[in-house]
Amino acid sequence: SLCVTQKGKEIHSMIEIGVLQTNSMVGSALVEMYAKCGELVKAQQVFDGLPARDVVSWNALISEFCEQGHGEKALNYFKKMQDEGVSPDAVTFICILKACGSVGAVVKGEEIHDEIMNMGFLENDNVIGTALVDMYAKCGLLAKAQKVLEELPDRDVVAWNVLIAGYALQGKGHEALECLNCILTEGISPDEGTFICVLSACGRNGLVNDAEMLFRNMSLKYGIVPSIEHHICMVLVFG
């Protein structure tokens, strides 16, 4: 809010320049404060004025660009980060994969995929794996998204939901239903989000009977009480 931003500016004015020159944590906090308050220009000014920028300060700016829909700027700052020799961490990769998905930068996304593989992040970080699936799905490369998911050492319902949502967006209802079968075969319990995605996919393909069966089984077999979103999906299916 305006009053919170004003208070942050007052605190900024109280911080001595010497503190910003020697304490990267304070600089990162300032960048994040301005960015979260919607003042991205000011956040960039503070960031560009920091004499020493570590991965935390880079992440603070890049993540807010992603959150506020400025994927291209996030990618530009990621390049600057690499040019300055700062190594990205898991947070950086998750943000940049989101940026690639939002602007359809699949070539850059594939480069980052290779970098993630080389650094061994997929071996123990399921969040990065899910972010990769999401990036490929949003770029329309659903076969690649499914391949990445199937190679993850620990697949969970969140990763499957991301893939199903991608199939729903592309109007591929049969593939979404196949994913649901895979979830059940692997012994993973579907959640509310799973059924929203699958019902949406059924609606785009006119799979009325499949949608009716799923809607009925939500509570009978999986103990999930249909929400307003599920009812809206069924209205769209019948419509």
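The structure under discussion appears in the preceding block.
Residues numbered from 1 in each chain as written. Predicted model: local features only at pLDDT ≥ 70, side-chain atom pairs only at ≥ 80, totals over all residues. Heavy atoms only, no water.

## With respect to helix 9 (residues 126–138)
Move 1: End to end, helix 9 covers 18 Å across 13 residues, agreeing with the expected 18 Å (1.5 Å per residue, within 8%).
Move 2: Turning to helix 9, its buried residues are Asn 126, Ile 128, Gly 129, Thr 130, Ala 131, Leu 132, Val 133, Met 135, Tyr 136 and Ala 137.
Move 3: Tucked into the core, helix 9 has its buried residues touching helix 7 (90–103), helix 8 (106–118), helix 10 (142–151) and helix 11 (157–169).
Move 4: Positive phi appears at Gly 140, one or two residues downstream of helix 9, with a value of about 85 degrees. (Helix = DSSP H or I, 4+ residues; strand = E, 2+ residues; numbered from the N terminus. Expected span 1.5 Å × (residues − 1). Buried < 20%, exposed > 50% of the residue type's maximum accessible area, 1.4 Å probe, protein only. Contact = heavy atoms within 4.5 Å.)

## Some words on the nonpolar core
Move 1: Judged by nonpolar contacts, the single largest core of 75 residues is most densely connected at Ile 62 and Ile 116.
Move 2: With 8 residues, helix 11 is the single largest residue contributor to this core. (Core = buried A, V, L, I, M, F, W, Y, C linked by side-chain atoms within 4.5 Å.)

## Some details on helix 14 (residues 208–222)
Note on helix geometry: an α-helix contains 3.6 residues per turn, so any two residues three or four positions apart are oriented the same way.
Move 1: Compared with the 21 Å implied by 1.5 Å per residue over 15 residues, the 20 Å span of helix 14 between its first and last C-alpha is a close match.
Move 2: The sharpest bend along helix 14 reaches about 35 degrees and sits at Arg 216.
Move 3: Within the span of helix 14, buried status applies to Ala 211, Leu 214, Asn 217 and Met 218.
Move 4: Buried residues belonging to helix 14 abut helix 12 (173–185), helix 13 (192–205) and helix 15 (228–238). (Bend = angle between axes of the 7 residues up to and from the residue.)

## Notes on the pattern of salt bridges
For side chains of opposite charge, pairing can occur when their charged atoms come near one another.
Move 1: This structure, assessed with the given rule, holds 8 salt bridges.
Move 2: The salt bridge partner of Asp 134 is Lys 138, with a shortest N-O separation of 2.7 Å. A residue pair is termed a helical-turn pair when its members lie 3 or 4 positions apart in one helix, as Asp 134 and Lys 138 do in helix 9 at 4 residues.
Move 3: A residue is classified by how much of its surface remains accessible, and Asp 134, at 21% relative accessible area, is partly exposed.
Move 4: Among the ionic pairs, Lys 147 bridges to Glu 151, the shortest N-O distance being 2.6 Å. A residue pair is termed a helical-turn pair when its members lie 3 or 4 positions apart in one helix, as Lys 147 and Glu 151 do in helix 10 at 4 residues.
Move 5: When its relative accessible area of 53% is taken as the criterion, Glu 151 is described as exposed. (Salt bridge = Lys/Arg side-chain N within 4 Å of Asp/Glu carboxyl O.)

## Things to note about the environment of Thr 92
Move 1: By the element assignment, Thr 92 lies in helix 7.
Move 2: Owing to a relative accessible area of 0%, Thr 92 belongs among the buried residues under this scheme.
Move 3: Those residues in contact with Thr 92, other than ones at most four positions away along the chain, are Val 55, Asn 59, Ile 62, Phe 78 and Met 81.
Move 4: A polar atom in the side chain of Thr 92 sits 2.5 Å from the side chain of Asn 59. (Polar contact = N/O pair within 3.5 Å; in protein donor to acceptor, adjacent residues only side chain to side chain.)

## A closer look at the packing of aromatic side chains
Here a ring pair, both rings aromatic, is described through the centre-centre distance and the interplanar angle of the planes.
Move 1: Under the defined criterion, the tally for this structure stands at 6 aromatic pairs.
Move 2: Each ring, one from Phe 195 and one from Tyr 222, has its centre 5.6 Å from the other, and the planes form 45 degrees; the classification is tilted. On the criterion of sequence distance, the pair formed by Phe 195 in helix 13 and Tyr 222 in helix 14 is long-range, its members being 27 residues apart.
Move 3: Judged by relative accessible area, which is 1%, Phe 195 ranks as buried.
Move 4: Residue placement shows Arg 53 over the ring face of Phe 47; its charged tip is 4.9 Å from the ring centre. (Phe/Tyr/Trp six-rings, centres within 6.5 Å; stacked < 30°, edge-to-face > 60°. Lys NZ or Arg CZ within 6 Å of the ring centre and 35° of its normal.)

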